[in-house]
Amino acid sequence: MITYLKHIISNSPKGLISYADYISAVLYHPELGYYMKDKPKIGKHGDFITTSNISDVYGRLMAKWFSTICEKTKLPPVFCEIGAGTGRFANAFLQEWYDSIGTPLNYIIVESSPYHRKRQRELLQPFSIVQVESLGQVEPFSGMVFSNELFDALPVHIIEKINGELLEVMVGMTDDGQLFEQREALTNQAILSFLAESKLAIKEKQRIEIPIAMEKMIEDISKVLMKGIVVTADYGYTNEEWAHSQHKMGSLRGYHQHMMIDDVLQHPGEMDITTHIHFDHLVQKGLNHQLELLTKLRQDEFLLNAGILKELEEHYDPNPFSEVSKRNRAIRSLILPSGMSAYFHVVIQQKGLQLREDDVFIY
């Protein structure tokens, strides 16, 4: 990876590349990128965990919720998951669907990682799924598009405001292969357009990520969804929250062997890189592409509205290691204010429908 980075940096103007180009290389290079390598990334043997790693409750609840929405809206049962990881969410969803619902279902997985596509095929072998590498390979459909921690993994640019001037933070490399940052005058028109459209106020000495790649993903989702609902689970901030002093240095982080790394220039190609997303921009760009905001909830609020409390077993089991006890603990961990879900939000958008929030929740 260092050799590849040295090549693209040395062949770039001024010997510098944007953070977006750096992140794209170290995460998504077809052979050397972190997500593309044939090694575990999620779970105890990887570098990070997701909500679906805690329990199968999340996937099973989503299956029931989606079934209810299909009944209410007459949407066809077509469910498209973007970035399915190891396939654990899909497995739980499909198990529940065929256990308790039983009607025909078209489950589409969009996954760019060859390693994860292989893991998904192994885990989901009993089920009929459609597996593709990109949204461009999906035939337009009506139904639901779901993603969990998708937008936070997209490449971002980094800018700072110093002495009243906006600068872009670039990445360079020394002759001996050490990566470093260098600030340059901001000339990228895509970033300037983002700032003008988003009305994001950048304070003096503030450092922040600019998600130019977000709009392309939103556009691609809208192109493939003729009619239906888009559900995005992720962590991020509104414009108002980005202005808080605790976010002054931005949110770009790395995760390596379950340790958070502030300097994402470490471990290139061997570490997950993530950033908090811009929720206001997600909503606005959605509107530009016919995706109307239905609601935005904290993930624990979403799970409660979707009926997670009905999943709790009523009877007491004195064995703390029983499946019932473990399942109940997992449910509580997903809805407690101190739990993982408190850091996530669920954004629900609609296209070609005229629903209110009450229409998609039955509890």
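Residues numbered from 1 in each chain as written. Predicted model: local features only at pLDDT ≥ 70, side-chain atom pairs only at ≥ 80, totals over all residues. Heavy atoms only, no water.

1. Here we look at the environment of Arg253
Tracing the chain through its elements places Arg253 in strand β12 (residues 253–256). In this structure the C-alpha to C-alpha distance between Arg253 and Ile108, which are 145 residues apart in sequence, comes to 30 Å. If we ignore the near neighbours within four places in the chain, the residues touching Arg253 are Met260, Ile261, Asp262, Val264, Asp272, Ile273 and Thr274. A polar contact of 3.3 Å, which involves the side chain of Arg253, links it to the side chain of Asp262. (Helix = DSSP H or I, 4+ residues; strand = E, 2+ residues; numbered from the N terminus. Contact = heavy atoms within 4.5 Å. Polar contact = N/O pair within 3.5 Å; in protein donor to acceptor, adjacent residues only side chain to side chain.)

2. What to know about the packing of helix α8 (residues 213–224) against helix α10 (residues 279–288)
Two numbers describe how α8 lies on α10: the axes approach to 10 Å, and their chain directions differ by 45 degrees. Overall, the two elements α8 and α10 adopt an arrangement that is oblique. For the pair α8 and α10, the sense of crossing is right-handed. Judged by residue contacts, Met214, Glu215 and Ile218 of α8 engage His281, Leu282, Lys285 and Gly286 from α10. Per-class residue counts for the contact of α8 with α10 are three nonpolar, two polar and two charged. (Axes fitted to C-alpha atoms, helices over the stretch in contact; angles between N-to-C directions. Parallel < 35°, antiparallel > 145°, perpendicular 65-115°, else oblique. Left-handed = near helix turned anticlockwise from the far one by under 90°. Nonpolar A, V, L, I, M, F, W, Y, C, P; charged D, E, K, R; others polar.)

3. Here's the deal with the sheet that holds strand β4 (residues 130–132)
An order of β4-β3-β2-β5-β10-β17-β16 is seen for the seven strands of this open sheet, with the pairing classed as mixed. The sheet terminates laterally at β4 and β16 (292–298), the two strands that pair on one side only. Shown here is a sheet whose adjacent strand axes are inclined to one another by a mean of 15 degrees, direction ignored. Alignment of strand β10 (residues 225–234) against strand β17 (residues 345–351), held across seven bridges, turns out to be antiparallel. Note that in β17 the partner of Gly228 across the bridge is Lys351. Packed on one face of the sheet, α10 meets β10, β16 and β17 and runs near 10 degrees to β17. (Pairing = 2+ DSSP bridges.)

4. Observations regarding the pattern of salt bridges
Side chains bearing opposite charge may pair, as long as their charged atoms lie close to each other. Scanning the model with the defined rule gives 19 salt bridges in all. With a shortest N-O distance of 2.8 Å, Arg298 and Asp300 are connected by a salt bridge. Exposure remark for Arg298: the relative accessible area of 31% places this residue in the partly exposed category. A relative accessible area of 3% places Asp300 in the buried class. Several salt bridges converge on common partners, so that one network encompasses Asp56, Arg60, Lys64, Glu96 and Asp99. (Salt bridge = Lys/Arg side-chain N within 4 Å of Asp/Glu carboxyl O. Buried < 20%, exposed > 50% of the residue type's maximum accessible area, 1.4 Å probe, protein only.)

5. Considerations on the packing of aromatic side chains
For any pair of aromatic rings, the description rests on two quantities: the centre-to-centre distance and the angle between the ring planes. Within this structure, the stated rule accounts for 22 aromatic pairs. Between the aromatic rings of Tyr28 and Tyr35, the centroid separation amounts to 5.3 Å while the plane-to-plane angle is 50 degrees, which identifies the pairing as tilted. A relative accessible area of 11% places Tyr35 in the buried class. Geometrically, the ring pair formed by Tyr237 and Trp242 is edge-to-face, given 4.9 Å between the ring centres and 85 degrees between the ring planes. Each member of the pair, Tyr237 as well as Trp242, carries the same accessibility label: buried. Following the ring pairs from residue to residue traces out a cluster consisting of Tyr58, Phe66, Phe79, Phe89, Phe93, Trp97, Tyr107 and Phe146. (Phe/Tyr/Trp six-rings, centres within 6.5 Å; stacked < 30°, edge-to-face > 60°.)

6. Structural notes on helix α12 (residues 323–335)
Over its 13 residues, α12 extends 19 Å from the first C-alpha to the last, a length consistent with the 18 Å expected when each residue adds 1.5 Å. Restricting attention to buried positions, one finds in α12 the residues Ser325, Arg327, Asn328, Ala330, Ile331, Leu334 and Ile335. (Expected span 1.5 Å × (residues − 1).)

7. Remarks on the sheet that holds strand β14 (residues 272–274)
Read across the open sheet, the three strands follow the order β13-β12-β14; overall the sheet is antiparallel. Of all strands in the sheet, those bounded by a partner on one side alone are β13 (259–261) and β14. Sheet twist, expressed as the mean angle between neighbouring strand axes with direction ignored, is 30 degrees. Summarising the sheet, β12 and β14 pair through three bridges and their orientation is antiparallel. Across the sheet, the residue bridging to Gly254 is Ile273, located in β14.

8. Observations concerning the nonpolar core
Residues Trp65, Phe79, Phe93, Tyr107, Ile229, Phe302 and Ile348 are the most contacted members of the largest nonpolar core, which totals 43 residues. Among the elements that make up this core, the one with the highest residue count is helix α4 (residues 57–73) (nine residues). Those residues in contact with Trp65 that sit more than four places away from it in its chain are Met144, Val231, Phe302, Ala306, Ile348, Val360 and Phe361. The next biggest cluster of nonpolar side chains, apart from the first, holds 26 residues, and it includes Ile17, Leu27, Val169 and Val264. (Core = buried A, V, L, I, M, F, W, Y, C linked by side-chain atoms within 4.5 Å.)

9. Comments concerning the environment of Trp97
Following the sequence through the fold, Trp97 ends up in helix α5 (residues 88–101). The class for Trp97 is buried, based on a relative accessible area of 1%. Here Trp97 is in contact with Ala63, Phe66, Ser67, Pro77, Gly102, Thr103, Pro104 and Leu105, once residues within four sequence places are set aside.

On their own, these measurements won't tell you what the molecule is for.
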